[in-house]
Amino acid sequence: MGEIGGKEVRIEEIENVIKEKVGKGVITSEIRKRKVVGKERKSLWMRIKKESLKDVIKVLFDFQYPHLSVISGSDLGDKVELLYHFTLGYGEPQKEQLITFAVQLDKKDLTIPTITDLIPGALLTEREKQEFFGIKVIGIPDSRRAFLADDLKNAHPWIRDDKETARIAKDVHAKEVKK
Amino acid sequence: MSKTVNIPIGPVHPALKEPVRFTIEVEGEKVVGADYEVGYVHRGIEWAGMRQNPIKTIHLSERICGICAFCHPLCFVQAIEEIGDVEVPERAEYIRVITAELERIHSHMLWAGVAAHEIGFDSILNLTWNIREKVMDIVEYITGNRVTYGMLQIGGVRRNITEKQYPKIREATQYYRELLDKIEDVFLRDPTIRMRSRDVGILTKKRALELCAVGPTARASGVPKDVRQDFPYIAYPDLDVKAIMPEEPIGDVYDRIFVRIREIGQSADIIEQCLDQMEPGPILAEQNVAKLLADLQNFEGEAVGRAEAPRGEVFHYVRMNKNEAPLSWKARAPTYNNVQTWPDMIVGEELADVPIIVASIDPCVSCTDRVTLIKDGKEEIVTGEQLHKLSVLKTKRVMRR
């Protein structure tokens, strides 16, 4: 495992190395810029193929042990998009790079391989995605429910048209009124 | 019959914001296994936030955590501002830093009191919380509120800090700077606290990295992560922030105390630096809320907002698609990452050390509700108070040595 240790790694370099090593897995790649009190800050956003997810993450290890902030997601209608937010270069003033890998899953096949073999700390966030999007994380070492109450067993609240969630949300207030 | 006993701890206690249930496997006094269970208070805040306009969500996100009531909305507004490419006035960015740093001081003081209580020093708990009142007064003085500040708006802040208010803020930072030596005497140089915290609840650097630990928990283990330093946001690029770490980090409870106590002084410095550097100017990009609401309906895109809360990195992801409500919103609090480090810290320690280890990551859970002891097939209910007593007794024991 490489350490950045004082040497600045530019975001363009990270992008190039990923493209060189796992070019086939990258669908789109974009470096976004934002000014904070007049100083420019960049972040890398990549849409990647599901089967290349782990290979792309492995490339990050060449630089430093990547920090996984969280896995977030969006319901895009017929697809669910998962976003893996990583950072590299922490420990050096103003040199941290924000890297996001987005993977789209078809709602007919909501499966994704676990990344806990690479980063054990991904476990809780993967468990959360299983519950909230109804995704199956293949190979997850602990697939217990994490956050939702037992009466939401069949509900996936972050799926927009989830009928069970809608029913429960409606019922909660109905019960209060009856009392 | 197995020699080990499983002890469930938690999840509910009226004083807690985030109830967590632990199952602790003990062999005599020694912990040999530990597991945690979260989710007893999942309120569906993100779900609600995806169904209302972002301005309402700013105030909703303040209520994610009563202590980090500034960092959560701060991340949220930063993400929205990035999506809409809103230029935030510089003075507003400085005011945001001041409020965030005041929040850090009050959170660390609150935590120090809780830690003292867990070890059995209730007089120190009362003393630290008394000292903490000064910063609470200042927070109220500049925001109008003690807990949920209502300070943030998309494109800036809702209240200015006038020059007339500077002396009172400076007086408070000076107060903490003068007291810092005494606080360090109590927490870092006291032999009993040292005995109770040195080499207890160790999280190695390797495991801190693997488990994605953040904030003081990571820094105490030698991982120099601090968003203010690494990925400066709001006015931090102009300020001098260096991640505080022990000289030779071990990753024990003592190191976590060390990091937090030193950060109180650091926050006081940052606030003074802000007061010196802040230029007069506007504090809000768009004053008209109706126009802002209309503008928000044209926002399209995705962005993340990050901030270093007292407990570590807060991370928000927001996606807008030209609708009133965001398409998606994910709020990730630091405890979300740090809870995963508990089993590593607890296993191998004594049962009496569990309260201080659990509290050492500064979760929103600081004491335990009740314990069910399952012994020889019989269930025995032990209250949280009794578990706390175990910890106090251990302190008395080590003091006699």
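Residues numbered from 1 in each chain as written. Chains lettered and ligands numbered in written order. Predicted model: local features only at pLDDT ≥ 70, side-chain atom pairs only at ≥ 80, totals over all residues. Heavy atoms only, no water.

Asks: Which parts of the structure should I look at to understand the sheet that holds strand 8 (residues 328-332) of chain B?
Replies: Two strands in a sheet stick together by hydrogen bonds in their backbones, pointing the same way (parallel) or opposite ways (antiparallel). Residue and element names in this part refer to chain B. A sheet is described by the order of its strands in space; here three strands give the open sequence 6-7-8, paired in antiparallel fashion. Each edge of the open sheet is held by one strand with a lone partner, namely strand 6 (300-309) and strand 8. Strand-to-strand twist in this sheet, taken as the mean axis angle between neighbours without regard to direction, amounts to 10°. Across ten bridges, the pairing between strand 6 and strand 7 (residues 312-321) is antiparallel. If you follow Glu308 over to strand 7, its bridge partner there is Glu313. (Pairing = 2+ DSSP bridges. Helix = DSSP H or I, 4+ residues; strand = E, 2+ residues; numbered from the N terminus. Axes fitted to C-alpha atoms, helices over the stretch in contact; angles between N-to-C directions.)

Asks: Quick question: what am I supposed to make of the confidence of the model for chain B here?
Replies: Low pLDDT marks regions whose predicted coordinates should not be analysed in detail. All names here are of chain B. When pLDDT is averaged along chain B, the result is 88, and 92% of the positions lie at 70 or above. In the predicted structure, residues 13-17 sits below a pLDDT of 50 and forms twelve contacts with residues beyond four places in sequence or in another chain. Ignoring residues within four places in sequence, the model shows residues 365-377, a span with pLDDT below 50, making 49 contacts including any to other chains. (pLDDT = per-residue confidence, 0-100. Contact = heavy atoms within 4.5 Å.)

Asks: It is not clear to me how the environment of B:Asp181 should be interpreted in this structure. Could you clarify?
Replies: Residue and element names in this part refer to chain B. Residue placement: Asp181 occurs in helix 6 (residues 166-187). On the basis of relative accessible area, Asp181 is assigned to the partly exposed category, the value being 49%. Expressed as a C-alpha distance, the spacing of Asp181 and Gly265, which sit 84 residues apart in the sequence, is 9.8 Å. (Buried < 20%, exposed > 50% of the residue type's maximum accessible area, 1.4 Å probe, protein only.)

Asks: Honestly, the packing of helix 2 (residues 54-61) of chain B against helix 3 (residues 71-83) of chain B in this entry has me stumped. Any pointers?
Replies: Geometrically, a packed helix pair is captured by the angle between its two axes and the distance between the axes. Residues and elements named next belong to chain B. The interhelical angle for the contact between helix 2 and helix 3, taken along N-to-C directions, is 155°, at an axis separation of 8 Å. If you check the angle between helix 2 and helix 3, you find them roughly antiparallel. Where helix 2 crosses over helix 3, the two elements pack in a sense that is right-handed. Seen from helix 2, the contacting residues are Pro54, Thr57, Ile58 and Ser61; seen from helix 3, they are His72, Pro73, Phe76, Val77 and Ile80. (Parallel < 35°, antiparallel > 145°, perpendicular 65-115°, else oblique. Left-handed = near helix turned anticlockwise from the far one by under 90°.)

Asks: Please clarify how the domain arrangement of chain B should be interpreted in this entry.
Replies: You'll often see interface size given as the accessible area lost when the parts meet. All names here are of chain B. Here the domain parsing of chain B yields domain 1 (5-41 + 338-400) and domain 2 (45-337). Facing 29 residues of domain 1, the contacting portion of domain 2 comprises 33 residues. Interface of domain 1 and domain 2: buried area, both sides summed, is about 2800 Å²; carbon and sulfur atoms make up 55% of it. If you sort the residues of domain 1 by the area they bury against domain 2, Asn338, Ile356 and Asp362 come out on top, with a joint share of 25%. The tally of links between domain 1 and domain 2 comes to two salt bridges. Here Asp344 and Arg207 are joined by a salt bridge, their closest N and O atoms 2.9 Å apart. Connecting domain 1 to domain 2 are 19 residue pairs in polar contact (both at pLDDT 80 or more). Of all the secondary-structure elements, those providing two or more residues to the side of domain 1 that touches domain 2 are helix 14 (342-346), helix 15 (354-360) and helix 16 (384-400). With seven residues, the top contributor of residues to the side of domain 1 that touches domain 2 is helix 16. When grouped by side-chain class, the residues that make up the side of domain 1 that touches domain 2 number 14 nonpolar, eight polar and seven charged. (Domains from an automatic or database assignment. Buried area = accessible area lost by both parts, 1.4 Å probe. Salt bridge = Lys/Arg side-chain N within 4 Å of Asp/Glu carboxyl O. Polar contact = N/O pair within 3.5 Å; in protein donor to acceptor, adjacent residues only side chain to side chain. Nonpolar A, V, L, I, M, F, W, Y, C, P; charged D, E, K, R; others polar.)

Asks: Explain the environment of B:Val241 to me, please; I cannot follow it from the model alone.
Replies: All names here are of chain B. Within the secondary structure layout, Val241 lies in the loop between helix 10 (227-230) and helix 11 (253-277). Separated by 14 residues in the primary sequence, Val241 and Val227 have C-alpha atoms spaced 9.7 Å apart. Those residues within four positions of Val241 in sequence are excluded, and the remaining contacts are Arg228, Gln229, Tyr236, Gln266 and Ile270.

Asks: Any chance you could explain the interface of chain B and chain A here in plain terms?
Replies: Counting residues at the interface gives 52 residues for chain B and 49 residues for chain A. The contact between chain B and chain A buries some 4500 Å² in all, and 56% of this surface belongs to carbon and sulfur atoms. The closest approach of N and O atoms between A:Arg34 and B:Asp85, which form a salt bridge, is 3.4 Å. At the boundary of chain B with chain A, the tally comes to 30 residue pairs in polar contact (both at pLDDT 80 or more). Class assignment for the residues of the side of chain B that touches chain A results in 27 nonpolar, six polar and 19 charged.

Asks: Would you take a moment to explain the sheet that holds strand 2 (residues 39-48) of chain A for this structure?
Replies: Residues and elements named next belong to chain A. Taken together, five strands build an open sheet; the order of strands is 1-2-5-4-3 and the sheet is mixed. In the strand order of this sheet, the two ends are held by strand 1 (26-36) and strand 3 (67-75), each with one partner. On average, each strand axis in the sheet is tilted by 20° relative to the strand beside it, whichever way the strands run. Sheet topology places strand 4 (residues 79-88) next to strand 5 (residues 97-106); ten bridges connect them, and they run antiparallel. Paired with His85 across the two strands is Thr100, which belongs to strand 5. In the packing of helix 2 (residues 53-60) onto the sheet, contacts are made with strand 2, strand 4 and strand 5, and the angle to strand 5 comes to roughly 170°. Together, strand 3 and strand 4 form the strand contacts of helix 3 (residues 123-133), whose direction differs from that of strand 3 by roughly 5°.

Asks: What's the story with the side chain of B:His108 in this structure? I'm lost.
Replies: All names here are of chain B. With respect to the helices and strands, the residue His108 is situated in helix 4 (residues 90-119). For His108, a relative accessible area of 1% translates into the label buried. Setting aside its immediate chain neighbours within four residues, His108 contacts Pro216, Arg260, Glu263, Ile264 and Pro310.

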